[in-house]
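Chain by chain, the residues run as shown.
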Amino acid sequence: MEKLLSVDDLRIYFKLEKSIVKAVDGLSFDLNQGEILGIVGESGSGKSVTCLGLMDLNPQPPAYYPSGKIVFKGTNIMKATKEQLRKIRGNEISMIFQDPMSSLNPFLTVETQLCEVLIEHEGLTADQARKKAIDMLARVGIPSPDRRITQYPHQFSGGMRQRVMIAMALLCRPKLLLADEPTTALDVTIQAQILDLMKELNREYGTSIILITHDLGVVAGMAERSLVMYAGRIVERASTKDLFQKPKHPYTHALLKSIPRLDEVRGKKLDPIPGLPPDLSNLPGGCSFHPRCPKAVDKCKQTYPDVVTFDPTHNASCWEVSA
Amino acid sequence: MATPAQNLNTTSTPAQSNLLEGTSLWRDAWNRLKKNKAAVVCGFVVVFLIIACALGPNLIEWIFGYTYEAQDLSYGAKGPTLRPFHLFGTDFFGRDLLTRVLVGGRVSLKVGLIAATVAAVVGTIYGAVSGFFGGKVDDSMMRFVDVLYALPYMFLVIILVTIFEKSESLLFVALGLVGWLTTARIVRGQVLSLKEQEFIQAARSIGTRNINIIFRHLIPNTLGPVIVYFTLTVPTMILQEAFLSFLGLGIQPPKPSLGTLMNDGANQMLVYWWTIVFPGIFMSLLLFSLNFLGDGVRDALDPKMRKD
């Protein structure tokens, strides 16, 4: 398989008045063509910032990149000119946002918003763009797309708006789709439909997808490989199957224990992870998970653990698993 | 789960067709405005006054032969009469006051509309650019606005009038110079909060150019407050014009404006009461209707503001 995207030692910090928030701190991963990669983690673990960072959309200042390299199809995103970036955005890499209710401009018709991307990137005429947009709306399951397209976002329900967002993201047949919690704002049945739709489009167009979520269930059904992020770093990476069957990192264990399972005794209480995610501007020394980790030893407080490899696709950063 | 193609077939029924019209937020606001009786009545009054000002003087000249500057010293100042056709009476020089009021209204409306439009356009673009780019650009652009705000307005106008010849265009410049400042501040504030919204980020994420983000995505979203401010600026500008003309700094005789007419009228009102009463009524009616219309527009564009 061909490598589409490679991220190497990406760091995204935010400079505040008195402190520096290390939202992403040394992230490295690769993504193959046509692959669905899951990124899991609690709120505030740097998932969304990573996602925006891949398109260089974090507002600078306050964001800045102390180090890192993002290579997408041979182009280093971080060194690209504004014009290059603009051509990549929406055309080669596109993004689905978390909240479909606020991601569409309330003053423009769906048509204007969909055609904008086509006219910008493919130089189509308004008529051609309209036709293509209608096809895509039909493709994502919007009934009577030729008439719905003349409507305004407030005339669509949440699930429909998310479909419109997906249609917009896929109009130029991007190579990479960044889905930043695409189903968090939707109810469960709509969630399933949207996820199925994304999977279908992935199969059909060969679009690679980075699926960012805090919902392990979403990852289980979608991604071949998954990364677990904690405090801006990857703590474990594995095939999704391995991640669920033989989790190594205590954080992954804790995450899995905190979700309900069908095969468990009914009435059993879930185990939440004690404590709060760390303050990213004031990370604890050593492993950032140690204050909440049941297996923490003295060493964890001093040095950040090395990566321990279990098999070629599975590794984790933890002193306890290496011992 | 049904495939998208099946969804398409099962849910697309003709029964829905009425719901499928695109209704823009502008259309919604228009519908709300139409339900506001006071605003509709005032809207008609404004339209009537505009038409009267636009066509009235020519019509009178065509039928009766009076122009706003044609004097009839032998006739002199007389009260309202139907025959000869001096509904508002005549002034000291025997000029038909109705014609003069309508021509004055023409000038006032022109000044009001043009000055308010210039203020809205310049202010919107200035504010949107300032808010969008933020940082140092924003700082310097807004400090410039602050500086203009701080200049004593009357002083500025008096200086302008003494340096340049008194003319109508100078009046536009003087009024326009200050009018856009508030619009710029309003729009900047709006843009500052709008640009953080997800749909702006979404627009960036599909590679939209900055200029399109400003003009297609940001400005339409700020137009609500701008329009409201515009409708309330028109009467303010008319009032300002009248004020400047009253002081003798605006429109110069023999050309009438509502301000000069009332100035003349004020000098003679103890003798010729009609020379102040009719221009005064006309101006009050115009300002009252414009303000009411503006209020109606505000309620229509911002339903949350309404108390009911």
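Residues numbered from 1 in each chain as written. Chains lettered and ligands numbered in written order. Predicted model: local features only at pLDDT ≥ 70, side-chain atom pairs only at ≥ 80, totals over all residues.

1. So, the overall build of chain B
Scanning chain B from terminus to terminus reveals 11 helices and zero strands. Mapped from its N terminus to its C terminus, chain B presents α and β elements in the order α-α-α-α-α-α-α-α-α-α-α. Counting every position in chain B, which comprises 308 residues, the buried fraction comes to 38%. Restricting the contact set of chain B to residue pairs at least 6 apart, pairs at least 24 apart contribute 69%. (Helix = DSSP H or I, 4+ residues; strand = E, 2+ residues; numbered from the N terminus. Buried ≥ 20, exposed ≤ 12 C-beta atoms within 10 Å, placed from the backbone. Contact = placed C-beta atoms within 7 Å.)

2. As for the environment of Val164(A)
All names here are of chain A. Its place among the elements puts Val164 in helix α6 (residues 158-170). Residue Val164 is classed as buried on the basis of its 26 C-beta neighbours within 10 Å. Once the C-alpha coordinates of Val164 and Gln113 are considered, the two residues, 51 residues apart in sequence, prove to be 9.6 Å apart. With residues up to four places along the chain from it excluded, the contact list for Val164 reads Leu104, Val110 and Phe156.

3. Section: the sheet that holds strand β7 (residues 176-180) of chain A
Residues and elements named next belong to chain A. Across the sheet, eight strands lie side by side as β6-β7-β8-β3-β9-β10-β12-β11; this open sheet has mixed pairing. A single partner strand is all that each edge strand has here, and the edge strands are β6 (93-96) and β11 (307-311). Taken pair by pair, the neighbouring strands of this sheet meet at an average axis angle of 20 degrees, ignoring direction. (Pairing = 2+ DSSP bridges. Axes fitted to C-alpha atoms, helices over the stretch in contact; angles between N-to-C directions.)

4. Focus on the sheet that holds strand β4 (residues 63-72) of chain A
All names here are of chain A. Pairing is antiparallel in the open sheet, where four strands are placed in the order β2-β1-β4-β5. One side of each edge strand has no neighbouring strand; the edge strands of this open sheet are β2 (20-32) and β5 (75-76). The pairing of strand β1 (residues 3-15) with β4 spans seven bridges and is classified as antiparallel. The partner of Arg11 across the bridge, within β4, is Ser67. Docked against the sheet, helix α1 (residues 47-54) engages β1, β2 and β4, running at close to 65 degrees with respect to β2.

5. Observations concerning unusual backbone geometry
Residue and element names in this part refer to chain A. Even without being glycine, Asp56 reaches a positive phi, approximately 55 degrees. With respect to the helices and strands, Asp56 occurs in the loop between α1 and β4. Backbone geometry places Arg173, a non-glycine residue, at a positive phi of 50 degrees.

6. Here's the deal with the interface of chain A and chain B
Facing 39 residues of chain A, the contacting portion of chain B comprises 25 residues. Of all the secondary structure elements, the ones that give two or more residues to the side of chain A that touches chain B are α2 (82-88), β6, α3 (110-122), α4 (126-139), α5 (145-148) and α7 (188-205) of chain A.

7. Examining the nonpolar core
Judged by nonpolar contacts, the single largest core of 154 residues is most densely connected at Ala133(A), Ala167(A), Leu171(A), Ile210(A) and Leu211(A). The biggest single contributor to this core is helix α4 (residues 97-133) of chain B, with 16 residues. Discounting residues that sit within four places of it in the chain, Ile210(A) has contacts with Leu31(A), Leu37(A), Ile39(A), Cys51(A), Leu178(A) and Ala179(A). (Core = buried A, V, L, I, M, F, W, Y, C linked by C-beta atoms within 7 Å.)

8. Describing the environment of Ile51(B)
Along the polypeptide, Ile51(B) turns up in helix α3 (residues 37-64). As for Ile51(B) and Leu244(B), which are separated by 193 residues in sequence, their C-alpha atoms are 25 Å apart.

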